[in-house]
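# Structural characterization, general
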Amino acid sequence: MKSYLACIIVFASFCSVSLGKTGKINYREREKQVLDSILNKENYDRRIRPGGINGTDGPVLMRVNLLLRSISQIDDYKMEYSTQLTFREEWVDERLSFEKFPNIGSLKYLTLTDPNKVWMPDLFFGNEKEGHFHNIIVPNVYVRIFPKGEILYSIRISLTLACPMNLKLYPLDKQTCSLSMISYGWTTDDLVFLWRDGDPVQIRKNLHLPRFTLEKFYTDYCNSKTNTGEYSCLKVDLLFKREFSYYLIQIYIPCCMLVIVSWVSFWLDANAVPARVSLGVTTLLTMATQTTGINNSLPPVSYTKAIDVWTGVCLTFVFGALLEFALVNYASRSDAHREKLKKQRRQWELEHAAALEVAAAQAASASNVHDQHLEDGVSAGWNMGMPMTRLRPDTFPVDKIRQYELHIPSRQDSCWKSWISKFPSRSKRIDVVSRIIFPVIFALFNFVYWTTYLFKESREGEESQ
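Parameters and conventions
- Residues numbered from 1 in each chain as written.
- Predicted model: local features only at pLDDT ≥ 70, side-chain atom pairs only at ≥ 80, totals over all residues.
- Heavy atoms only, no water.
- Helix = DSSP H or I, 4+ residues; strand = E, 2+ residues; numbered from the N terminus.
- Buried < 20%, exposed > 50% of the residue type's maximum accessible area, 1.4 Å probe, protein only.
- Contact = heavy atoms within 4.5 Å.
- Areas by Shrake-Rupley, 256 points an atom, 1.4 Å probe, with all protein chains shown as cover.
- Axes fitted to C-alpha atoms, helices over the stretch in contact; angles between N-to-C directions.
- Parallel < 35°, antiparallel > 145°, perpendicular 65-115°, else oblique.
- Left-handed = near helix turned anticlockwise from the far one by under 90°.
- Phe/Tyr/Trp six-rings, centres within 6.5 Å; stacked < 30°, edge-to-face > 60°.
- Lys NZ or Arg CZ within 6 Å of the ring centre and 35° of its normal.
- Salt bridge = Lys/Arg side-chain N within 4 Å of Asp/Glu carboxyl O.
- Disulfide = S-S within 2.5 Å.
- Pairing = 2+ DSSP bridges.

On to the overall build of the protein chain. What the protein chain contains, in helices and strands, is nine helices and 14 strands. Every one of the 465 residues in the protein chain was classed for burial, and the buried ones make up 35%. Long-range contacts, defined as pairs at least 24 residues apart, comprise 76% of the intrachain contacts of the protein chain with a sequence gap of at least 6. Within the structure as shown, the protein chain displays about 28500 Å² of accessible surface, and the carbon and sulfur contribution to it stands at 58%.

Below, the discussion takes up the packing of helix H3 (residues 244-262) against helix H4 (residues 273-296). Where H3 contacts H4, the axes come no closer than 9 Å and their chain directions differ by 165°. Relative to H4, the element H3 lies roughly antiparallel. As for the relative orientation of H3 and H4, their crossing is left-handed in sense. Of the residues in H4, those touching H3 at Gln 250, Ile 251, Pro 254, Cys 255, Leu 258, Val 261 and Ser 262 are Leu 279, Thr 283, Thr 286, Met 287, Gln 290 and Ile 294.

Describing an aromatic ring pair means giving the distance of the ring centres and the angle of the ring planes. Evaluation of the coordinates by the stated rule reveals 26 aromatic pairs. Aromatic ring contacts, followed pair by pair, group Phe 244, Tyr 252, Trp 263, Phe 266, Trp 310, Phe 317, Phe 438, Phe 442, Phe 445, Tyr 449, Trp 450 and Tyr 453 into a single cluster. A cation over an aromatic ring shows up here: Lys 168 above the ring of Tyr 303, its NZ or CZ 5.8 Å from the ring centre. A cation over an aromatic ring shows up here: Arg 435 above the ring of Trp 267, its NZ or CZ 4.0 Å from the ring centre.

Turning next to the pattern of salt bridges. Taken as a whole and assessed by the stated rule, the structure comprises 13 salt bridges. In this structure, Asp 173 and Arg 242 form a salt bridge, with 2.6 Å as the shortest nitrogen-oxygen distance. With Asp 173 in the loop between strand S7 (150-162) and strand S8 (174-183) and Arg 242 in strand S14 (residues 233-242), this residue pair connects regions lying 69 residues apart in the sequence. You'll find Asp 173 and Arg 242 in the same group, each marked buried. A salt bridge links Glu 324 to Arg 276, with the nearest nitrogen and oxygen atoms 3.2 Å apart.

Here we take up the side chain of Ser 265. Structurally, Ser 265 is set in the loop between H3 and H4. Residues in contact with Ser 265, not counting those within four places in the same chain, are Arg 276, Leu 279 and Ala 321.

So, about the state of the cysteines. Tallied over the full model, the rule gives two disulfides. Residue pairing for Cys 163: its cysteine sulfur links by disulfide to Cys 177, the two sulfurs lying 2.0 Å apart. The chirality of the disulfide connecting Cys 163 with Cys 177 is left-handed, given an S-S dihedral of about -80°. Of this pair, Cys 163 sits in the loop between S7 and S8 while Cys 177 sits in strand S8, and the two are 14 residues apart along the sequence. As far as burial versus exposure is concerned, Cys 163 and Cys 177 are alike and both buried. Cys 222 shares a disulfide with Cys 233; S-S distance 1.9 Å. On the sign convention where negative is left-handed, the bridge of Cys 222 and Cys 233, at about -50° about the S-S bond, is left-handed. With a gap of 11 residues between them, Cys 222 in the loop between strand S11 (212-221) and strand S12 (224-226) and Cys 233 in strand S14 connect regions that are remote in the sequence. Overall, Cys 222 belongs to the partly exposed group, its relative accessible area being 21%. Here the protein chain pairs its bonded cysteines, counted in sequence order, in the arrangement 1-2, 3-4. Cys 255 supplies the cysteine sulfur nearest to Cys 314, a cysteine that is in no disulfide, at a spacing of 4.9 Å.

The sheet built from four strands is open, its strands ordered S4-S8-S14-S11 with antiparallel pairing. Two strands lie at the open edges of the sheet, namely strand S4 (123-125) and S11, each paired on one side alone. When strand polarity is set aside, the average angle formed by the axes of neighbouring strands in this sheet is 20°. Relative to S8, S4 is paired through three bridges, and the arrangement is antiparallel. The residue of S8 that forms the bridge with Leu 123 is Ser 183.

Turning to the pairing of S14, a few remarks are in order. Burial runs high along S14: eight of the 10 residues are buried. Pairing of S8 with S14 involves nine bridges; the strand directions are antiparallel. If you follow Gln 175 over to S14, its bridge partner there is Phe 240. Relative to S14, S11 is paired through nine bridges, and the arrangement is antiparallel. Bridged to Tyr 221 within S14 is Leu 234.

On a regular strand, each side chain points to the face opposite its neighbour's, so the side chains alternate between the two faces of the sheet. A large share of strand S2 (residues 80-92) lies buried, amounting to 11 of its 13 residues. Here strand S1 (residues 60-75) runs beside S2; their pairing, made up of 11 bridges, is antiparallel. Bridging from a neighbouring strand, Leu 68 pairs with Leu 85 of S2. Hairpin connection of S1 to S2: four residues between the antiparallel strands, including Met 79 at a positive phi of 55°. As judged from the 13 bridges shared by S2 and S7, these two strands associate in the antiparallel manner. Paired with Ser 82 across the two strands is Thr 160, which belongs to S7.

Here is the structure:
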């Protein structure tokens, strides 16, 4: 009886207020009358949830869709990302139906700017760290009530969400960040979240991400069970691929340049100690600073990242170039000491050869005297006992013998030995060999590094699909 009286009163008020002198209908005044009628405290209590489908006692079906407006930041250190989105929910509350009201005409829906006047689901974001609504110039929120009791709730919010990351392939990695929406108090017996049919998640065109590219996204359900019951949950997974060009320019190319610069010391003279030491120490400190800067921008994780392998090997090459100079300096001093000993030995051999020549000259003169005595008829018995010293091999210069020995070619010498023999000093040989060995090993490392991690990246991408 009361409902009939309310309809009569509303109809009378429509007829009296909506029709002016010209007979035109005031739709804004009609909206006010409908809102006052359906939101009357005697007819509607926002503390009570709506009924299920067709007014049953089943759960309320809540259909959700999102519009990602922007993703402003993806923080590797804090493992979080910030996004701005338009969040929408749709459900049916038959208590707010007004299609049976008279003279609604072309009134498609009613709009509320205060969602606190109707019942709202208790949804929250499961991995939220921070969040706020937008109130400039007015609160960016509205509620639309359609004639059959359908309700559309829309709000613009900014969120900072947790995103656990696996950085083993950094910076050749792909990261999956989630956005989960869960019912806080209503269990699945009272409230069920569903993705809207058709296009549940929209991405704004020309969405720009710093250092990342949004490759794709997936929608899923993630109902959670606790001691107090089972709660409905929705989840959207965003697959981000890291832009490698930034790291190629900022990290990989500078590291390669530092390693190559450290090889310049191989072409400097071994006696240029200040130049080679300053070059080696400078490149080593620069490489260490580069490594420290990279690690400061990343969280201290327990596993080895791809960038750690790269910087570690580059640092090893630079340090190896510095150690190579230490070996060259030691070999140079050793060669100098050996050359000094050779000169002393050669001097001693020359002096010894001179003494032998003097002795040979004296023996020759004595032999001449002896021959003279034989001509004079000296006794032959004494002559038979004289030693013959003219043809002693000791008188042949030792230097000439060694010189002839050095120039005797050996058929067993390989091409490598024949080429390396062009450099008599060991220090020069070490530098020449380092000019070949260091670039070859570094090139092999690059081949193994890129093939390994690019293969891992492609394999993980296939697994994520």
